[in-house]
Amino acid sequence: MWWVCHLPRASWGPGLGRVLQSADGRIPFLIHWSWPHKGERPLGLSRAFIRHHGSSAGSGPPSRRHGQLFQGISASEAVQRYRRNLAEWFSRLPREERRFGPTFALDTVHVDPVIRESSPDELFRPTAELALEHQPPLAGLPALALSQLFDPDACGRQVQTVVLYGTVGTGKSTLVRKMVLDWCYGQLPAFELLIPFSCEDLSSLGPAPASLCQLVAQRYTPLKEILPLLAAAGSRLLFVLHGLEHLNLDFRLAGTGLCSDPEEPEAPAAIIVNLLRKYMLPEASILVTTRPSAIGRIPSKYVGRYGQICGFSDTNLQKLYFQLRLNQPDCEYGAGGAGISATPAQRDNLVQMLSRNLEGHHQIAAACFLPSYCWLVCATLHFLHAPTPAGQTLTSIYTSFLRLNFSGEMLDSTDPSKLSLMAYAARTMGKLAYEGVSSRKTYFSEEDVRGCLEAGMKTEEEFQLLRVFRRDALRFFLAPCVEPGRQGTFVFTVPAMQEYLAALYIVLGLRKTTLQWVGKEVAELVGRVGEDVSLVLGIVAKLLPLRALPLLFNLLKVVPRVFGRVVGKSREAVAQAMVLEMFREEDYYNDDVLDQMGASILGVEGPRRHPDEPPDDEVFELFPMFMGGLLSAHNRAVLAQLGCPIKNLDALENAQAIKKKLGKLGRQVLPPSELLDHLFFHYEFQNQRFSAEVLSSLRQLNLAGVRMTPLKCTVVAAVLGSGRHALDEVNLASCQLDPAGLRTLRPVFLRARKLGLQLNSLGPEACSDLRDLLLHDQCQITTLRLSNNPLTAAGVALLLEGLAGNTSLTHLSLLHTGLGDEGLELLATQLDRNQQLQELNVAYNGAGDTAALALAQAAQDLYFNELSSEGRQALRDVGSTAKGGARVVVSLTEGTAVSEYWSVILSEVQRNLNSWDRSRVRRHLELLLRDLEDSRGDTLNPWRKAQLLRVEGEVRALLEQLGGPGS
């Protein structure tokens, strides 16, 4: 299933501001748009921002004053240093974020998620059914801005402790990071001091005692000198406790004693408990973020307000997020500092296409309800349309996406098994995903989901882990289907995630048959005791007549070997299924997998599908790509951090099984789109030795008709550029190539003997790259076809520089390249500098008599040029006396005989009927037909008459295809 929708052409971009304007005239989103300049950024920022209830800023302007608490110069300077250090720390972005360009920063571009207030009654009611757990939050719940979190409640009581909760992917970490940065830049004037704590960090300390002052001083050195002032700060001191689910809190007095002294050493969990009890620093404000399963760890009597982080429940928030992310000024900044030629109009078009798909296809809008998936959509579009850094693959984007959201977190910190959240998801959601791929379905009933989640559960601990997973992470992977007629079913949040999890389920070895489960246990048991039993019986047999028994127990040693073969056969079966999925004949004539992914996100322009029209078959072509990508060393290292290690031996055996199957099926001739998919699999695998062995039999690279984007050029160059064997032919006709693509593909071109670049709209600027290619000392191209490209005379001048220094080229086609008389005369004067060229095709270039006669000494093909009868006869006379054996072909006839090149001319016309000017071709064919008829009337040789009649039939057939008269 793809996020694809045929949408009518409509415009969204110009109306964005109007869409975002609320009824009361306020702008309902926080927009910080101030690109950082070189040098140090001052803390008293004069940044422009649009503020409303969604902002964490207060109602007044940013203030440098610190009230009565930090009046001293030393205290004020300490807080300023602390702000700078904190801002620097929280401004550091992970590597996955830096792909959006060097000017991208969270504190300059941010969209706040929706926060809705909840009541304890709603939070602690019994868990509902699976379908209800997936429902988005009710729109009637009141929305909260960050600046309103500590406002008095409905009864007028001051709120001191706020708990924000949300499932995985709703943006809790981003919200905290942005809130801290806002305080650093003076946009939270209600708090004079903000101290953030990571509960994961505190949990790593274990029960080792430390006081609150020690915890603060160890992490924030500049605050050492103002620690005595903490007690006097009151509500102007804000503690931010992020990720409460990592801490095991015990609010019983028997478990955690009372402590009010910030300098008294206690276990970190005990300090947090006393802060939340309001027994230590009772007037301090506290903001807690947690996953839903851990809300109950804090008794509700200690919480003043609960807020649910609902993500982007408004489609306008999603649009704004995409506009800010994809319209970054340096979003196209590539590896090595080289950018692409993406214009603002092109970026706007990308955003508009995505917006139309959001409006017309509700499933993608349901997925982008989670800000994390908005990030994934932007990262995927950036991968498809911007320069690709070395080593970045689609699989690595999805693996990094999971690392950003799970980062090795445990499913339940109170469970002694310490099972990672990602490992649990791979086992349960991976099973569901693989069953869907195997049965070719993307819609799952509630029974399907329950069957995978509850399979094999027997203990209370297992059911507790399932409860935590359902509350915290199930919505991250599954979403209710909103398509008409599919209500009550579930789909994976993004279609490609199903294929990724299915591949992960396989490479982790989680798919096992009953024979494998039983056989593994038996084999290990027999292997352990077999040798000892055989040794004992061997001794006994020497004393007693039991010589048959040792032989029997020697057979036990074979059991582990047999089991190993069973496992090997299972791996081969999985590899066979993967390869068959990659080379399904039903998918031979669809788009390549990269175009499919782009269309699923951006939608397909055109009429909507009729409701009665049968749906397309489900395609799972990304499944084998992800399988190969997950076996790469980089992705295995990241998965190990997530608690999903793939053993080196398992990866090697899987790779060998895949190579064995690919070696058999990969030799068949594939259509261009399927061949690109095959190359993309090798690109995802990132193993040059593996690819070189599998692709050693590839001799023809035919990608004609495939739209060669920068990413696809990078894929082909990365996979084939380092090979050693020559390619007999590289056909890139009608691939929308540009000069940048030619430069990327140069390593592949250097391996080619025949290179076809027809119908690519290559202009004069591309000829400089072709010149450099021909002058390269490793160039082995013998045939170069450049027909139907607007090279013009300026381009052929550059091309001649390459021909002068090239020693391999023998056949050059410049058919229909707009040379004109100027270009042909230039060829005539410069062509003698190359002595290896045997054939030059300059047909259909608008040559007149003068230019054609000047070129006749070297050119072979001049048919379909505007030549007079006298000029044609003069060329025949010149061709018959030309030195060096060059032939001049100007027509289908030579006197009263058929030219030996008649088939060349007509086959060229046949191949290019759809691209040439049809009326002009028809006119020329009629002239050639008249020439044939005249020659047949002039000859008395019956053999020649028969030849001429045969060629006349070919010409008439072409005229009928063009709609002209057949005689």
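Here's what I pulled together on the structure shown here.

The rules behind each value
Residues numbered from 1 in each chain as written. Predicted model: local features only at pLDDT ≥ 70, side-chain atom pairs only at ≥ 80, totals over all residues. Heavy atoms only, no water. Helix = DSSP H or I, 4+ residues; strand = E, 2+ residues; numbered from the N terminus. Expected span 1.5 Å × (residues − 1). Buried < 20%, exposed > 50% of the residue type's maximum accessible area, 1.4 Å probe, protein only. Pairing = 2+ DSSP bridges. Axes fitted to C-alpha atoms, helices over the stretch in contact; angles between N-to-C directions. Core = buried A, V, L, I, M, F, W, Y, C linked by side-chain atoms within 4.5 Å. Contact = heavy atoms within 4.5 Å.

### Brief notes about helix α6 (residues 172-184)
For step 1, the next point in the chain: For α6, which comprises 13 residues, the first-to-last C-alpha distance of 19 Å matches the rise-based estimate of 18 Å (1.5 Å per residue) to within 8%.
For step 2, the next point in the chain: Those residues of α6 that sit buried are Lys172, Leu175, Val176, Lys178, Met179, Val180, Leu181, Asp182, Trp183 and Cys184.
For step 3, the next point in the chain: Positive phi shows up at Gly186, right after α6, with a value of about 80°.

### Overview of the sheet that holds strand β15 (residues 727-731)
For step 1, the next point in the chain: Spatial ordering of the open sheet is given by β14-β15-β16-β17-β18-β19, a layout of six strands whose pairing is parallel. The sheet is open, and its two edges are formed by β14 (700-702) and β19 (839-841), each paired on a single side. Taking the axes of each pair of neighbouring strands and ignoring which way they run, one obtains an average angle of 10° across the sheet.
For step 2, the next point in the chain: Direction of pairing for β14 relative to β15: parallel, over a ladder of three bridges.

### What about the nonpolar core?
For step 1, the next point in the chain: One finds Phe469, Leu757, Leu814 and Leu827 to be the most contacted residues of the largest nonpolar core, which totals 166 residues.
For step 2, the next point in the chain: Top contributing element to this core by residue count: helix α16 (residues 421-438), with eleven residues.
For step 3, the next point in the chain: Leave out the neighbours within four places in its chain, and Phe469 touches Leu411, Leu421, Tyr424, Ala425, Thr428, Met429, Leu453, Leu474 and Phe477.
For step 4, the next point in the chain: Counting residues in hydrophobic clusters, the runner-up holds 72 residues, among them Leu181, Leu244, Phe251 and Ile272.

### Focus on the environment of Asp934
For step 1, the next point in the chain: Inspection of the secondary structure puts Asp934 in helix α39 (residues 918-938).
For step 2, the next point in the chain: Spatially, the C-alpha atom of Asp934 lies 10.0 Å from that of Leu948, the residues being 14 residues apart in sequence.

### Let's talk about unusual backbone geometry
For step 1, the next point in the chain: Located in the positive-phi region is Lys418, a residue other than glycine, with phi close to 50°.
For step 2, the next point in the chain: Look at Lys418 and you get partly exposed, because its relative accessible area is 44%.
For step 3, the next point in the chain: Although it is not a glycine, Ser761 adopts a positive phi angle of roughly 55°.
For step 4, the next point in the chain: For Ser761, the position within the fold is in the loop between β16 (752-756) and α33 (764-775).

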